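What follows is each chain in one-letter form.
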Amino acid sequence: MAEMLSAGAEAASELRAPAEQNGDADGDARDERPPGRPEPAAAGVESAPGVGKQVTGSEEQAPAAAPGPGKRKKRRGATGERVVPPPKKRRAGVSFGDEHFAETSYYFEGGLRKVRPYYFDFRTYCKGRWVGHSLLHVFSTEFRAQPLAYYEAAVRAGRLHLNEEPVQDLSIVLKDNDFLRNTVHRHEPPVTAEPIRLLVENEDMVVVDKPSSIPVHPCGRFRHNTVIFILGKEHQLKELHPLHRLDRLTSGVLMFAKTAAVSEKIHEQVRDRQLEKEYVCRVKGEFPSEEVTCKEPILVVSYKVGVCRVDPRGKPCETVFQRLSYNGHSSVVRCRPLTGRTHQIRVHLQFLGHPILNDPIYNSVAWGPSRGRGGHIPKTDEELLRDLVAEHQAKQSLDVLDLCEGDLSPGLTDSTAPSSELGKDHLEDLAASAQKMDGVLEAAPQDLDTKALAPGNAAETDVVNQEIDPLCAECRLVRQDPLPQDLVMFLHALRYKGPNFEYFSPMPTWAQDDWQED
């Protein structure tokens, strides 16, 4: 299945129904999956209802529960029935280990941290709406990011497994509880090369100063370019429990617990509102000198695109702002969110008419002439989302919205943007090449993280370099790297305080009195 496929297959269908939101003021329901929720199977298979409890970002399933009274044990090996293997047992907690960290490596270029492309397995159980339908039907109706010829080639290459058996024919009909495993060639977007600085490490906690652009834990297209993986690979800090979330573009204090007991204690303090949070940002224009409190309710317009707005139907929230300085063009403002809603600080500042200076979402012309000030948006939610997507597609910055071209429906795709789709004849050539890989994939289906396939030519298979794959559309794209400064948003978590702790990070350079705007 294609690398970037997500629930519903088309962005437009999901954009139309605003969802009830939750999350932290510094969190992002799109960018960061909270602990206990699965990493989205954005590469061709989805995480389905009924899958055992999962831990942050991991693709493996939790142990299946023992059958209770009245529940039947699954029959195994009956004639004509597919045997569904039980999920693998795993440790409780955030369980990324050396085998995950060894999947690929980093390299640094142009002020960016980059991840070498690698092979990866996405796993899911069959969704209820797929039962009784063929794989061909599912691909043609829900997963249209690639032509059917791609899926046929992927089957010949042994990339798709059903109940741990290679799929031989896309006409196979899916049954309840079927288990799908899809091997994809994975590319991750670059992040800033700025190091993650350790502020505190003791027997209970790890506190870091998170750079902008790096997600906290695996989500969407990010896995190795995340705080969790960087700390594990470069600082040997493993089995960490994130205590709160920060938007991917937000920098500053980020806390982890080393044990489940400490994690539960801090989360209890959060629930009891014993945790104080303080942020600093640089906003457009001259912010009022007196303290400003904003209590406007916030509604999520789209989880998929990650956009919120002030709306009476939203959840109540409150943020207190105090201007720290003004340089004639922009203001540095201290922010104290008293509630925790998705993008709370950013949305409230937009409503007040002082959006964060370089906020790629809430300081966009897509909101209209007033850019959302006072909640005035002269367009429907669908029009707003389409305009935001079009703006970032033109800038080749869809990663800001945690989207890729494969997530977009035809109505959301800019016809002038470069396409990664190949003609049918070319795909047939790739299918022939991929078919020759089948023996290699079958010989070592679990070693795709360390072994790789280079295309060579249509008659040869070379297991030398996993950075290039003949079936991977991303390999055929030429993307312009972002500038490091383009990955920084002027919002920083300055201080977190609890009943028995208080952690600070340094004031960022853009918040200093002598900072000069470009």
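Note that the structure is a prediction, hence the values are computed from the model and not measured.

## Considering the sheet that holds strand S5 (residues 165-166)
Part 1 of the argument: Spatially, the four strands line up as an open sheet ordered S3-S6-S4-S5, and their pairing is antiparallel. If you trace the sheet from one side to the other, it starts and ends with strand S3 (118-125) and S5, each paired once.
Part 2 of the argument: Inspection of the sheet shows strand S4 (residues 160-162) paired to S5 by two bridges, in the antiparallel sense. From the neighbouring strand, His 161 faces S5, where its bridge partner is Pro 166.

## Concerning the sheet that holds strand S1 (residues 106-109)
Part 1 of the argument: The three strands lie next to each other as S1-S2-S7, forming an open sheet whose pairing is antiparallel. Two strands in the sheet have a free side with no partner beyond their single neighbour: S1 and strand S7 (191-192).
Part 2 of the argument: Pairing of strand S2 (residues 112-115) with S7 involves two bridges; the strand directions are antiparallel. Directly across from Leu 112, in S7, lies its bridge partner Thr 192.
Part 3 of the argument: Relative to the sheet, helix H5 (residues 227-235) contacts S1 and S2, its axis offset from that of S1 by approximately 100°.

## What about the confidence of the model for the protein chain?
Any region with low pLDDT has predicted coordinates that should not be read closely.
Part 1 of the argument: Of the residues in the protein chain, 69% reach a pLDDT of 70 or more, and the chain-wide mean stands at 77.
Part 2 of the argument: Low confidence marks residues 1-75, where pLDDT is under 50. Its contacts with residues over four positions away, or in another chain, come to 249 contacts.
Part 3 of the argument: In the predicted structure, residues 437-464 sits below a pLDDT of 50 and forms 62 contacts with residues beyond four places in sequence or in another chain.

## Some thoughts on the packing of aromatic side chains
Part 1 of the argument: Using the criterion set out here, one finds 13 aromatic pairs in the structure.
Part 2 of the argument: Ring centres of Tyr 125 and Phe 179 lie 5.0 Å apart, and the angle between their planes is 55°; this geometry places the pair in the tilted category. Residue Tyr 125 is located in strand S3, and its partner Phe 179 is located in strand S6 (residues 179-186); the two are separated by 54 residues in the primary sequence. For the pair Tyr 125 and Phe 179, one class covers both residues: buried.
Part 3 of the argument: Pairing Tyr 279 with Tyr 496 gives two aromatic rings, centres 6.3 Å apart and planes at 65°, and the pair type is edge-to-face. Separated by 217 residues along the polypeptide, Tyr 279 in strand S12 (residues 276-284) and Tyr 496 in strand S18 (residues 491-498) bring together distant segments of the chain. Across the pair, Tyr 496 and Tyr 279 agree in class, each one buried.

## Description of the environment of Asp 121
Part 1 of the argument: By the element assignment, Asp 121 lies in strand S3.
Part 2 of the argument: Its relative accessible area of 10% is what places Asp 121 among the buried residues.
Part 3 of the argument: A polar contact of 2.7 Å, which involves the side chain of Asp 121, links it to the side chain of Thr 183.

## Here we look at the UniProt feature "active site" (unreviewed entry) in the protein chain
Part 1 of the argument: As recorded in UniProt, the feature "active site" (unreviewed entry) lies at Asp 247.
Part 2 of the argument: Here Asp 247 is to be found in the loop between strand S10 (241-242) and strand S11 (251-257).

Scoring rules and cut-offs
The numbering scheme is per chain: residues are counted from 1 as the chain's sequence reads. Where local features are concerned, this predicted model is filtered to residues with pLDDT of at least 70; where side-chain atom pairs are given and counted, the filter is 80 or more; whole-chain, interface and lining totals use all residues. Remark: hydrogens and water are excluded; side-chain values derive from all non-hydrogen atoms of the structure. Here a strand pair is declared whenever DSSP counts at least two bridges between the two strands. Numbering goes from the N terminus for both helices and strands, where a helix is a DSSP run of H or I of at least four residues and a strand is a run of E of at least two. For this analysis, residues touch if any pair of their heavy atoms sits within 4.5 Å. Each axis is a line fitted through C-alpha atoms, and for a helix only the stretch in contact is used; angles between axes span 0 to 180 degrees, taken between their N-to-C directions. The quantity called pLDDT is the predictor's confidence in a given residue, expressed from 0 to 100. Pairing of aromatic rings covers Phe, Tyr and Trp, the last through its six-membered ring, and needs centres within 6.5 Å; plane angles under 30 degrees mean stacked, over 60 mean edge-to-face, and all others mean tilted. The classification of residues rests on relative accessible area computed with a 1.4 Å probe and restricted to protein chains. Under 20% of the type maximum is buried, over 50% is exposed, and intermediate values are partly exposed. Any pair of nitrogen or oxygen atoms within 3.5 Å is treated as a polar contact; in protein, a donor-acceptor pairing is required on top of that, and neighbouring residues in sequence qualify only through side-chain atoms on both sides. UniProt positions are given in the numbering used here, feature names are shortened, and annotations may be inferred rather than shown by experiment.

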